[in-house]
Every structure is written in C-alpha cells, then in structure tokens.
Amino acid sequence: MARSIRYITGSQLLNVRRHPNIAIVDVRDDERSYDGHIAGSLHFPSDTFLDNLPTLLEATKGKDTLVFHCALSQVRGPKCARRFSDYVSEINDEMGIKNVMILERGYNGWEASGRPVCRCTNNACKVEL
Ligand SMILES: [Zn+2]
C-alpha cells in the first residue's frame with residue numbers, strides 16, 4: 001500500500017524537530033560537507049541512498065516520522081522519500097514508521113530563513129541548536 005508523502009514547512013519543522021519520534025534525513029551529496037546542515041539531522045546521500053536503505057531503517061528505529069530534504073527538496077529529497085516509503089511498504093515494516101515527509105524548500109530555504117545550522121562533520125549529527 002502506497003503511503004502518502006506530505007510536505008512540512010521550515011517553521012513547522014522548527015517547532016517539532018526536537019521531538020524524539022522525528023528524524024531529519026539529509027539526502028544531499030557533497031554539499032553537506034561545505035554548506036552545513038540542520039542540527040540533529042542524519043546524512044544519507046542520494047547517490048548511495050538505495051544501498052543504505054536498511055541502514056537508514058535501523059538508524060531510525062523508534063522514530064515514527066522521517067523528514068527528508070535535499071538542497072531545494074525538488075528532486076533528490078522527494079525521490080528518496082518515495083524510495084524509502086516504498087521500501088518500508090515492501091518489507092512490511094512493523095517498526096512503526098507512519099509518516100514520511102519532505103521539507104519544503106529544502107536546506108537552502110531553511111538556511112535562508114536564518115534557522116539553526118550546524119557545521120559538525122558527523123553523519124549522524126548530535127548537536128542541538
Ligand atoms: Zn551537526
């Protein structure tokens with residue numbers, strides 16, 4: 001069964017991003033290393049995304065909402081969100097992921113609005129800003 005994928009705005013995400021059930025998944029490629037990222041986000045680059053689907057599922061165990069984004073959330077973000085959603089449906093995931101979402105305007109929109117940005121080098125950012 002196909003899940004619906006909804007969009008979330010930057011201001012909505014700002015309010016809910018620290019909720020323990022939410023994971024933010026950055027699917028940009030090299031840009032993450034020089035443009036910074038949303039604090040607390042995970043990095044699963046789009047170019048190796050399919051290979052890492054099981055790892056992503058494992059890394060987000062216990063989360064019920066995954067928010068995907070790329071730079072603009074126009075191509076890579078929606079594509080990876082769809083792939084992940086299909087994957088979860090295919091394996092009949094019982095781990096409880098209910099919502100797959102896409103951050104409107106992506107990282108660039110987030111940063112342009114002056115929202116908190118982290119520049120650590122971890123693939124799984126633990127910084128809280
Ligand atoms: Zn960080």
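For the structure, check the block above.
As the structure is a prediction and not an experimental result, all values here were calculated from the model.

Chemist: What exactly am I supposed to notice about unusual backbone geometry here?
Modeler: For residues other than glycine, phi is negative in most cases, and the peptide bonds are mostly trans. Here Ser73, not a glycine, exhibits a phi torsion of approximately 55 degrees, which is positive. Relative to the elements of secondary structure, Ser73 occurs in the loop between β5 (65-69) and α4 (76-90). Even without being a glycine, Arg105 presents a positive backbone phi close to 70 degrees. Looking at where Arg105 falls in the secondary structure, it is placed in the loop between β6 (99-103) and α5 (106-112).

Chemist: Would you mind going over the layout of surface pockets with me for this structure?
Modeler: Over the atoms rolls a probe the size of a water molecule, and in doing so it shows where empty space is left. In this structure, the largest pocket occupies an estimated 400 Å³ of space. Forming the walls of the largest pocket are 18 residues, and the residues nearest its centre are Arg17, Ile22, Gly40, Lys63 and Cys125. Looking at the lining of the largest pocket element by element, the count peaks at three residues for strand β2 (residues 22-26).

Chemist: Mind showing me how you'd approach the sheet that holds β2 here?
Modeler: The strands making up a sheet associate through backbone hydrogen bonding, with each pair oriented either parallel or antiparallel. Here five strands make up an open sheet; going across it, the order is β1-β6-β5-β2-β4 and the pairing parallel. Taken across any chain shown, the strands that pair with only one partner, and hence form the sheet edges, are β1 (5-8) and β4 (42-43). In this sheet, β4 lies alongside β2 in parallel orientation, the contact comprising two bridges. What sits directly across from Asp26, in β4, is His43. Helix-sheet contacts for α4 involve β1, β5 and β6, and the interaxial angle to β5 is about 150 degrees.

Cut-off values and rules
Residues numbered from 1 in each chain as written. Predicted model: local features only at pLDDT ≥ 70, side-chain atom pairs only at ≥ 80, totals over all residues. Heavy atoms only, no water. Helix = DSSP H or I, 4+ residues; strand = E, 2+ residues; numbered from the N terminus. 1 Å grid on protein atoms, 1.4 Å probe; cavity = no way out; pocket = protein on both sides within 12 Å on 5 of 7 lines; lining within 4 Å. Points joined across faces, edges and corners; volume = space filled by probe spheres on them. Pairing = 2+ DSSP bridges. Contact = heavy atoms within 4.5 Å. Axes fitted to C-alpha atoms, helices over the stretch in contact; angles between N-to-C directions.

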